[in-house]
Amino acid sequence: MAVRPVAAVSPFVRLKLRMLANGLRGRTWRVLLFIGGTLLGAYLGGMGFLLFAASAAGDAQVRLMVASFGGAALVLGSVLLPLVWFGVDDTLDPARFALLPLPRTRLVLGLLAAALVSVPAAALLLATAGLLVPAGVAGGPAAVVAQAVGLLAGLVLCVAAGRAVVSAFATMLRSRRVRDLAGILLAALAALLGPIQLGVVAAAQSADWDQLTRIARVVGWTPLAGAYTVGIEVAEGRPLAALAKLLVVAASVAGLLWWWSRTLESAQVGAASAGPARPSRPARAGAVAQLLPRLPGLPPTRTGALIARELRYWWRDAKRRANLTAVAVIAVMAPLLAGFGRLQVEPGSAGVSLGMSQLGRTSTLLVMAFVGAFASSMLANQFGFDGTAYAAHVTAAVPGRAELRARTAAHAVLTVPVIVAAGAVLALILDDPLSAVGGVGASFAGYGAGAAVSLFLSVLAPYPLPEGSNPFATASGTGIAKSLLALVAVVAALLICTPLLLLATALGEGWPWVAVPAGAGYGLAAVALATYLAGDLLDHRATEVLAGVTPRR
Amino acid sequence: MTAADGGQEPALVLRGLTKRFQQKVAVAGVDLDVPKGSFYGLLGPNGAGKTTTLSMAVGLLRPDAGRAYVLGHDVWADPVEAKRRLGVLPDGVRLFDRLTGPELLAYTGLLRGMDPETVDRRARELLDVLALTDAGRTLVVDYSAGMKKKIGLACALLPAPRLLVLDEPFEAVDPVSAALIRDILGRYVAGGGTVIFSSHVMEVVERLCSHVAILDAGVIRTAGPLDQVRGGRLLEEVFVQTVGGRTATGDELSWL
């Protein structure tokens, strides 16, 4: 195997391609989604290419900063994005290789090779290929060759980092002991982005170019951007430095693969169970009392049972918990970014302070409406979370309206406090509680509008989730479906909210005083209308929804 | 087949049920009458269309053509009334397995609009009888395969339906639990209920059933009272003959 690495990993790549092709066969909408995803990848990759290539027109400092900061952003993005948004493609689930007599090294290399054959990886390669242009302009063929090696190494680093981190978090989320820690860790990690952004922008404003260049030079020596600054080193006549950077990247890849292989084992054996069984002490209370948590006002009826079950599932099901974590992350991160952004705009610009302040208010409203809509967009495939278990509702002939109302209510009980917390974060940063109250009102409207759209999507376009143990896994080809559906829900929700947001802007200082009732009323009206119409739809489509969320065997 | 027929309408009537998946015809026009109070076995080799037929009969899968009636109520035109009289144990379908056994039973009962006291009482009895009380607060996902079958059966029995449709109820169940389930189902039929279940275990069907139907390649090959179908032979002989199986000659697999 050490002699013929290509022969060792090529079966994995061929297996992945074959499974991808078989998954697409005879499923028109999947083919369309795949084409859509490929086009999106090509577009994003092309834009990245142009950005990197355009740095050829700048001087040496510009080239260094673009390569260094751009590369670091890509590496960080490939670690964070799978966690909070896209998930990872599950075509080759490690658990399926558990019984094969494969050395761990070969398995990891094979899975890595298979992961490299994907649309995101291709888009990443296309984007970073833009670095070849400045390398060629500044350093000729030698720099181009060095940079080509560098960006291949960078691609491997990005994919390995994404896989390793997702696998580690999946392991943590599966374990009952540390799963809450995992969520907090993720939220803290994402929350750090705010201060980092503040630091970077503040540095850009106060510091001179030389200081930034120095930072870029340091980042260029870390694994984050080492692979992307190789061409610059060669172009500036330091081949040894280029070699050293490649070694840094290679060592990082080796470390990440080692980490990945550690967690891979637990992914292979932990597939069946959600963890060690809880101590089975005999229950004393009646069955109904065990189901209904001590929430005031939850009646022992169908609605009460539905809400109680949903609440438990958001907590007990790792897939749902991963989504809730993402909401918490966004709810902390979005106000941070917006708040710091606004702070930077305002001080010292007395001449335009009124206009800026108005702009700041509007952006606060938009960001908070987005937070609300993002939170409810996870209802867009709510039946997919249940999978075939939804059959129990079909055989019990649960009325669609009751079903959708209960599901939305349970989700709101869990996420509305998070949204309000996001408003509190905003109030703290801005030191402007009134404006934050206005934002909370907007987020209620965004939440309701997002829920309304998502309810329709969940009934009309359900899709199956893999039944494996990795909460971040998406069935082959449906990662893009998740993103597209959620994106549709968020954009449509913001459109639905536009009248209210316009009204809020028009009211200006007066808006915060009516924001909460107005926003909540707007959101409730949207949800009420949606559950009424989509519930009727669900009554007629229950079996189609069930078929939609049933994984193909 | 309607109530006007004078009291003895069948519990389950299937008429011309058809389903095709892309090019493959899974069920090609199934007609079946399951008399009230019968213990009906649906036999068939793997891939015969048993699960597809039963799924269409209970309203889990929309047929391309045909109708299904539960005690006179059309499953597709009048689903609420039909499903109220129906208990189902589907195969290859997950339960809401992140609940504990008692929670799952309570959920099923409340979902069907039963009053909480009845749910509590029946859940306790069912858990006792099916020997699931010891599982305590274990989540159903951590149950063994046989325990999952038993809790699924308990969910189907909880609302005391008049018709039970069970897909492979004896698969993955150990002999002790199987005897228990046989016992419970026998009592249920003696009390006036009707059971139809699918299986490919001849011995169980022969021991339990009053009626059998043999399904092969999506078509009912033969159906009727057990003795009539058997005609004095062993059920296994009838089955292999009907389905057209082959027996090993002894030349193949000599390396074994």
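From a predicted model like this one, the values you see are computed outputs, not experimental measurements.

The rules behind each value
Residues numbered from 1 in each chain as written. Chains lettered and ligands numbered in written order. Predicted model: local features only at pLDDT ≥ 70, side-chain atom pairs only at ≥ 80, totals over all residues. Helix = DSSP H or I, 4+ residues; strand = E, 2+ residues; numbered from the N terminus. Buried ≥ 20, exposed ≤ 12 C-beta atoms within 10 Å, placed from the backbone. Contact = placed C-beta atoms within 7 Å. Expected span 1.5 Å × (residues − 1). Pairing = 2+ DSSP bridges. Axes fitted to C-alpha atoms, helices over the stretch in contact; angles between N-to-C directions. Nonpolar A, V, L, I, M, F, W, Y, C, P; charged D, E, K, R; others polar. Parallel < 35°, antiparallel > 145°, perpendicular 65-115°, else oblique. Left-handed = near helix turned anticlockwise from the far one by under 90°. Core = buried A, V, L, I, M, F, W, Y, C linked by C-beta atoms within 7 Å. pLDDT = per-residue confidence, 0-100.

Enquirer: Looking at this model, I keep getting lost on the overall build of chain A. Mind explaining?
Expert: Regarding its fold elements, chain A presents 20 helices and two strands. Counting the 553 residues in chain A, one finds 48% classified as buried. Considering only residue pairs separated by 6 or more positions, chain A has 84% of its internal contacts joining residues 24 or more positions apart.

Enquirer: Would you mind showing me how to read the overall build of chain B here?
Expert: Regarding its fold elements, chain B presents nine helices and 10 strands. Over its C-alpha atoms, taken along the principal directions, chain B stretches across nearly 60 × 55 × 40 Å. A burial count over chain B gives 49% of its 256 residues as buried. The long-range share in chain B, meaning contacts at least 24 apart out of those at least 6 apart in sequence, stands at 67%.

Enquirer: How should helix α12 (residues 302-316) of chain A be read in this particular structure?
Expert: One full turn of an α-helix is made of 3.6 residues, so residues set three or four places apart face in the same direction. Its 15 residues give α12 of chain A an end-to-end C-alpha distance of 21 Å, which sits within 8% of 21 Å, the value for a rise of 1.5 Å per residue. Buried within α12 of chain A we find R302, A305, L306, I307, A308, R309, E310, R312 and Y313 of chain A.

Enquirer: Would you mind going over the sheet that holds strand β3 (residues 39-43) of chain B with me for this structure?
Expert: Pairing between sheet strands relies on hydrogen bonds along the backbone, with the strands arranged either parallel or antiparallel. Residues and elements named next belong to chain B. Overall, mixed pairing links the six strands, which are arranged β6-β7-β8-β3-β9-β10 in an open sheet. The open sheet has two free edges, formed respectively by β6 (86-89) and β10 (219-225), since each of these has just one partner strand. With direction set aside, neighbouring strand axes in the sheet form an average angle of 15°. Taken together, the five bridges between strand β7 (residues 163-167) and strand β8 (residues 194-199) define a ladder with parallel strand orientation.

Enquirer: For this particular structure, what's the right way to read the interface of chain A and chain B?
Expert: Buried accessible area, meaning the area lost when the parts come together, often serves as the stated size of an interface. Contact with chain A, which involves 36 residues of that partner, is made by 40 residues of chain B. Elements with a contribution of two residues or more to the side of chain A that touches chain B: α11 (287-291), α12, α16 (391-395) and α20 (511-549) of chain A. Residue contributions to the side of chain A that touches chain B peak at seven residues, all from α12 of chain A. Per-class residue counts for the side of chain A that touches chain B are 18 nonpolar, 11 polar and seven charged.

Enquirer: I tried to follow the packing of helix α3 (residues 101-111) of chain B against helix α5 (residues 145-157) of chain B on my own but got confused; where do I start?
Expert: The angle between the axes and the distance between the axes are what describe a pair of packed helices. Residues and elements named next belong to chain B. Their axes nearest at 9 Å, the elements α3 and α5 cross at an angle of 25°. When the axis of α3 is compared with that of α5, the two are roughly parallel. Both α3 and α5 take part in a crossing whose hand is right-handed. Along the contact surface, α3 presents G101, L104, L105 and T108, while α5 presents I151, A154 and C155. Partitioned by chemical class, the residues of the contact of α3 with α5 number five nonpolar, two polar and no charged.

Enquirer: Got a minute to help me understand the sheet that holds strand β2 (residues 24-34) of chain B in this structure?
Expert: Residues and elements named next belong to chain B. With respect to topology, four strands assemble into an open sheet ordered β2-β1-β4-β5, the strand pairing being antiparallel. A strand with exactly one partner marks an edge of an open sheet, and here the two such strands are β2 and β5 (73-74). By the bridge criterion, five bridges tie strand β1 (residues 12-21) to strand β4 (residues 65-70) in an arrangement that is antiparallel. Among the inter-strand pairings, L14 is bridged to a residue of β4, identified as A68. The strands touched by helix α1 (residues 50-58) are β1, β2 and β4; relative to β1, the strand with the most contacts, the crossing angle is about 120°.

Enquirer: Help me out: how do you make sense of the pairing of β4 of chain B in this one?
Expert: As a general feature of sheets, a regular strand has side chains that alternate between the two faces. All names here are of chain B. With two bridges connecting them, β4 and β5 associate as antiparallel partners. When the sheet's bridge partners are listed, V70 is paired in β5 with H73. If you look at the hairpin formed by β4 and β5, you'll find two residues sitting between the two strands, and L71 has a positive phi there, around 50°.

Enquirer: In this structure, what is going on with the nonpolar core? I would like to understand it.
Expert: When a protein is soluble and globular, its nonpolar side chains tend to lie buried together. V371 of chain A together with A106 and V165 of chain B are the most contacted members of the largest nonpolar core, which has 165 residues in total. For A106 of chain B, the residues in contact, after removing those within four places along its chain, are A287, V288, Q290, L291 and A305 of chain A together with V119 and A123 of chain B.

Enquirer: Could you clarify how one ought to interpret the environment of L132 of chain B in this entry?
Expert: Residue and element names in this part refer to chain B. When you line up the elements, L132 lands in the loop between α4 (116-129) and α5. By the C-beta count within 10 Å, which is 21 here, L132 ends up buried. Taking the C-alpha atoms as reference points, L132 and G101, 31 residues apart in sequence, are found 7.7 Å from one another. Beyond its immediate chain neighbours, meaning those up to four positions away, L132 contacts G101, L127, M147, K150 and I151.

Enquirer: Got a minute to help me understand the pairing of β1 of chain B in this structure?
Expert: Residue and element names in this part refer to chain B. Of the strand pairs in this sheet, β1 and β2 are connected by eight bridges, and their pairing is antiparallel. Bridge assignment links F21 to a residue of β2, and that residue is K24. Taken together, β1 and the strand that follows it, β2, pair antiparallel across an intervening segment of two residues, in which Q22 is found at a positive phi of about 50°.

Enquirer: What am I meant to see in the confidence of the model for chain B here?
Expert: Residue and element names in this part refer to chain B. Residues of chain B with pLDDT of at least 70 account for 95%, and the chain-wide mean is 89. Summarising per-element confidence for chain B, the mean pLDDT is lowest in helix α9 (residues 235-243) (87) and highest in β7 (95). Overall, residues 1-6 carries pLDDT values under 50, and its contacts beyond four positions in sequence, including any with other chains, amount to eight contacts. Among the scores for the predicted complex, ipTM is 0.91 and pTM is 0.81.

Enquirer: What exactly am I supposed to notice about the environment of L157 of chain B here?
Expert: Residues and elements named next belong to chain B. In this structure, L157 sits in helix α5. Put simply, L157 and L105 are 52 residues apart on the chain and 9.9 Å apart in space, counted from C-alpha to C-alpha. Residue contacts for L157: discarding those within four places in its chain leaves G87 and L126.

Enquirer: Would you explain the packing of α3 of chain B against α4 of chain B in this entry?
Expert: Residues and elements named next belong to chain B. Where α3 meets α4, the axes come as close as 10 Å, and the angle between the chain directions of the two elements is 135°. With respect to α4, the axis of α3 lies oblique. By crossing handedness, the relation of α3 to α4 is classed as right-handed. Side by side, α3 and α4 meet where G101, P102, L105, A106, G109 and L110 of the first sit next to V119, A123, L126 and L127 of the second. Classifying every residue of the contact of α3 with α4 by side-chain character gives eight nonpolar, two polar and no charged.

Enquirer: Can you help me understand the confidence of the model for chain A in this one?
Expert: When pLDDT is low, close inspection of the predicted coordinates is not appropriate. Residues and elements named next belong to chain A. For chain A, per-residue confidence averages 82 on the pLDDT scale, and residues scoring 70 or more make up 81% of the total. Low pLDDT, under 50, characterises residues 271-280; the predicted model gives this stretch 19 contacts beyond four residues in sequence or across chains. In this model, residues 345-356 is a region of pLDDT below 50 whose contacts with residues beyond four sequence positions or in other chains number seven contacts.

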